[in-house]
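Survey of secondary and tertiary structure
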Amino acid sequence: MLTCKEAEKMVMPYIDEMLGEEELDEFLEHMESCESCREELEIYYTVSVGLRQLDSGTGVFDITGALEESMDLAWLKVRAARLRRIACYAVGTLCTTGVLVTLILQLRIWWQTGWKW
Ligand SMILES: [Zn+2]
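This report concerns the structure included in the present document. (Residues numbered from 1 in each chain as written. Predicted model: local features only at pLDDT ≥ 70, side-chain atom pairs only at ≥ 80, totals over all residues.)

1. As for unusual backbone geometry
With phi around 55 degrees, Glu 17 is a residue other than glycine that occupies positive phi space. Tracing the chain through its elements places Glu 17 in the loop between helix H2 (11-15) and helix H3 (21-33). (Helix = DSSP H or I, 4+ residues; strand = E, 2+ residues; numbered from the N terminus.)

The structure is reproduced here in structure tokens:
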């Protein structure tokens, strides 16, 4: 679990989409459970997205909604990463099991045929 200080340091990287999947995971978990960091994120997000919009002149839009959307997307990314890790693990286990089973079957064949070399 992140401390508030650690989470605070990740706010700007989050907005710039610079967080890795693991960091993003921890960051989002913290934002779900910590009201004060969540408020901090909202303020930073509003300011930085607002400024960027002034720069690009895209006009007014729903910044709080955009943050919600951004966090939904981030969650999706984290979930996809989790799924990928589980899938990798499952495939790895399957491969290992497959090799082991083949080896055992092969040994049984050798044993049954009386080790004819
Ligand atoms: Zn916090």
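And the narrative resumes.
2. A look at the environment of Glu 17
Assessed through the 11 C-beta atoms surrounding it within 10 Å, Glu 17 is described here as exposed. Between the alpha carbons of Glu 17 and Ala 74 there is a distance of 9.1 Å; along the sequence they are 57 residues apart. (Buried ≥ 20, exposed ≤ 12 C-beta atoms within 10 Å, placed from the backbone.)

3. Things to note about the packing of helix H4 (residues 35-56) against helix H5 (residues 63-112)
Contact geometry for H4 and H5: axes closest at 10 Å, N-to-C directions at 110 degrees. When the axes of H4 and H5 are compared, the pair comes out roughly perpendicular. As H4 runs across H5, the sense of the crossing is right-handed. Residue-level contacts link Glu 42, Tyr 45, Thr 46, Val 49 and Gly 50 of H4 to Ile 63, Thr 64, Ala 66 and Leu 67 of H5. Of the residues contributing to the contact of H4 with H5, the split by class is 5 nonpolar, 3 polar and 1 charged. (Axes fitted to C-alpha atoms, helices over the stretch in contact; angles between N-to-C directions. Parallel < 35°, antiparallel > 145°, perpendicular 65-115°, else oblique. Left-handed = near helix turned anticlockwise from the far one by under 90°. Contact = placed C-beta atoms within 7 Å. Nonpolar A, V, L, I, M, F, W, Y, C, P; charged D, E, K, R; others polar.)

4. Re the packing of H3 against H5
When two helices pack together, their arrangement is given by the angle between the helix axes and by the axis-to-axis distance. Running from N to C, H3 and H5 point in directions that differ by 125 degrees, and their axes come no closer than 9 Å. Here H5 runs oblique to H3, going by the angle between their axes. With respect to the hand of their crossing, H3 and H5 are arranged in left-handed fashion. Across from Glu 21, Leu 24, Asp 25 and Leu 28 in H3, the residues of H5 making contact are Met 71, Ala 74, Trp 75, Lys 77, Val 78 and Ala 81. Of the residues assigned to the contact of H3 with H5, the class counts are 7 nonpolar, no polar and 3 charged.

5. Notes on H4
For H4, with 22 residues, the first-to-last C-alpha span of 31 Å sits near the 32 Å given by 1.5 Å per residue. Buried within H4 are the following residues: Cys 37, Leu 41 and Tyr 45. Buried positions in H4, seen along its axis, are confined to an arc of 65 degrees and lie on one side of it. Those residues of H4 that are exposed and aimed more than 90 degrees away from the buried face are Glu 35, Ser 36, Glu 39, Ile 43, Val 47, Leu 51 and Leu 54. Contact partners of the buried residues in H4: helix H1 (4-9), H2, H3 and H5. (Expected span 1.5 Å × (residues − 1). Arc of directions from axis to C-beta.)

Taken by themselves, the reported measurements are silent on function.
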